[in-house]
Amino acid sequence: GESVGLHLPTLSVQEGDNSIINCAYSNSASDYFIWYKQESGKGPQFIIDIRSNMDKRQGQRVTVLLNKTVKHLSLQIAATQPGDSAVYFCAENDNDYKLSFGAGTTVTVRA
Amino acid sequence: NAGVTQTPKFQVLKTGQSMTLQCAQDMNHNSMYWYRQDPGMGLRLIYYSASEGTTDKGEVPNGYNVSRLNKREFSLRLESAAPSQTSVYFCASRSRGGDGYTFGSGTRLTVV
C-alpha cells in the first residue's frame with residue numbers, strides 16, 4: 001500500500017546549526033500532513049502541521065515545507081538545541097480519520 | 001487537562017492470556033485511535049473509532065478487538081496474546097475536522 005517514509009533514519013547536528021529532516025510521501029490524495037517529535041519513553045508530540053493547499057508554514061523555530069509536485073515534505077529546525085534530540089516522524093492524513101506514519105528520523109544534537 | 005490517559009503503563013503477559021488496554025480522553029474529541037509501535041518503526045494503526053458508536057479496522061487489526069465504550073473511552077483487547085504482539089501501544093484522539101492528534105504516553109506490553 002501507499003506509505004509515508006523518511007529519507008534518512010539518522011541525522012547528527014551540531015548545536016546551534018539548522019536541521020532539515022526530509023520525508024517522501026506517495027499518496028497524492030493526502031491533504032493534511034503532520035510532524036511529530038517523540039522522545040524516549042514518551043508518546044508522539046505534535047510539532048507542526050500543514051494542509052495541501054499550502055506550501056510553507058512556520059512555527060516557533062520550525063518550518064514545514066510541502067512540495068506536492070514531487071510529494072516531498074520537510075521539517076526545518078532553526079538553531080538546533082540539545083532538547084531537540086528525538087525521533088521525528090512525518091504523518092499523512094489520506095482521509096478524515098486515518099493517519100499514516102513514516103518510519104522516523106533519529107536526530108542527535110552534538111554539543 | 002489530562003489529555004489522553006492510558007492504563008496500564010507496563011504489562012507482561014504469558015502467551016494465550018488476555019487483557020484490555022484502557023484509554024480515556026477528556027478533550028471531548030470525536031475520533032479515537034489505537035496504534036502500535038515496534039522498534040525502529042513508525043506507528044501502525046490497529047483500529048480507530050471515527051465517532052461514538054463506530055469502529056473500523058486499521059492496517060494491523062488481526063488479534064485485536066476494540067470497544068468505544070462512550071465518547072471518552074476506547075479500549076483495546078487482546079483475547080489470546082502472542083509474542084508478536086509485544087510492542088508499545090499508543091492511543092490517540094482528534095476532534096472532528098480538528099488539526100493534530102493528541103497521543104497518550106503509551107503502554108509497553110511484553111508477551112512471553
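Conventions adopted
Residues numbered from 1 in each chain as written. Chains lettered and ligands numbered in written order. Predicted model: local features only at pLDDT ≥ 70, side-chain atom pairs only at ≥ 80, totals over all residues. Heavy atoms only, no water. Helix = DSSP H or I, 4+ residues; strand = E, 2+ residues; numbered from the N terminus. Salt bridge = Lys/Arg side-chain N within 4 Å of Asp/Glu carboxyl O. Buried < 20%, exposed > 50% of the residue type's maximum accessible area, 1.4 Å probe, protein only. Core = buried A, V, L, I, M, F, W, Y, C linked by side-chain atoms within 4.5 Å. Contact = heavy atoms within 4.5 Å. Pairing = 2+ DSSP bridges. Axes fitted to C-alpha atoms, helices over the stretch in contact; angles between N-to-C directions. Phe/Tyr/Trp six-rings, centres within 6.5 Å; stacked < 30°, edge-to-face > 60°. Polar contact = N/O pair within 3.5 Å; in protein donor to acceptor, adjacent residues only side chain to side chain. Nonpolar A, V, L, I, M, F, W, Y, C, P; charged D, E, K, R; others polar.

### Thoughts on unusual backbone geometry
All names here are of chain B.
- Along the chain, Thr7 connects to Pro8 via a cis peptide bond; the corresponding omega equals -5°.
- Relative to the elements of secondary structure, Pro8 occurs in the loop between strand S1 (4–7) and strand S2 (10–13).
- The phi dihedral of Asn28 is positive, around 60°, even though this residue is not glycine.
- Assignment of secondary structure puts Asn28 in the loop between strand S3 (19–25) and strand S4 (31–37).

### Regarding the pattern of salt bridges
- Counted by the stated rule, this structure contains 6 salt bridges over all chains.
- Ionic pairing is found between A:Arg57 and A:Asp49, a salt bridge with its closest N-O pair at 2.2 Å.
- A salt bridge links B:Asp38 to B:Arg36; the shortest N-O distance between them is 3.0 Å.
- In this structure B:Asp38 comes out as buried when scored by relative accessible area, which is 11%.
- In this structure B:Arg36 comes out as buried when scored by relative accessible area, which is 8%.
- One salt-bridge network, in which partners are shared between bridges, spans B:Arg36, B:Asp38 and B:Arg44.

### Some details on the nonpolar core
- Residues B:Trp34, B:Ile46, B:Leu76, B:Leu78 and B:Tyr89 are the most contacted members of the largest nonpolar core, which totals 20 residues.
- Broken down by secondary-structure element, the contributors of at least two residues to this core are S3, S4, strand S5 (43–49), strand S8 (74–78), strand S9 (87–94) and strand S11 (107–111) of chain B.
- B:Leu78 has contacts with B:Gln17, B:Ser18, B:Met19, B:Leu21, B:Gly63, B:Tyr64, B:Gln85, B:Tyr89 and B:Leu109, leaving out every residue within four places of it along the chain.
- Within the second largest apolar cluster, 19 residues are counted, among which are A:Val62, A:Leu66, A:Tyr88 and A:Val109.

### Considerations on the sheet that holds S3(B)
Residues and elements named next belong to chain B.
- Strands sit in the order S1-S3-S8-S7 across an open sheet of 4 strands; the sheet is antiparallel. This sheet does not close on itself; its edge strands, each paired only once, are S1 and strand S7 (65–68). Averaged over all pairs of adjacent strands, the angle between strand axes in this sheet comes to 15°, irrespective of strand direction.
- Two strands pair when backbone bridges link them, and S7 and S8 are joined in this way by 4 bridges, in the antiparallel orientation. Within S8, the residue paired with Arg68 across the bridge is Phe74.

### Digging into the packing of aromatic side chains
- Under the definition given, this model contains 12 aromatic pairs over all chains.
- Here A:Tyr36 and A:Phe46 contribute two aromatic rings whose centre-to-centre distance is 6.4 Å and whose plane-to-plane angle is 85°, an arrangement assigned as edge-to-face. Note that A:Tyr36 is positioned in strand S4 (residues 32–38) and A:Phe46 in strand S5 (residues 45–51), a separation of 10 residues in sequence.
- Geometrically, the ring pair formed by A:Tyr36 and B:Phe103 is edge-to-face, given 5.3 Å between the ring centres and 85° between the ring planes. Taken together, the positions of A:Tyr36 in strand S4 and B:Phe103 in strand S10 (residues 102–103) put the pair across two chains.
- Look at B:Phe103 and you get buried, because its relative accessible area is 10%.

### Examining the interface of chain A and chain B
- The interface is formed by 20 residues belonging to chain A together with 21 residues belonging to chain B.
- Taken together, the links from chain A to chain B amount to 0 salt bridges.
- Scanning the region where chain A abuts chain B turns up 5 residue pairs in polar contact (both at pLDDT 80 or more).
- Put simply, the parts of the chain that give the side of chain A that touches chain B at least two residues each are S4, S5, strand S9 (86–93) and strand S10 (99–101) of chain A.
- Broken down by element, the residue count for the side of chain A that touches chain B peaks at 4 residues, all from S4(A).
- Considered class by class, the residues forming the side of chain A that touches chain B number 10 nonpolar, 5 polar and 5 charged.

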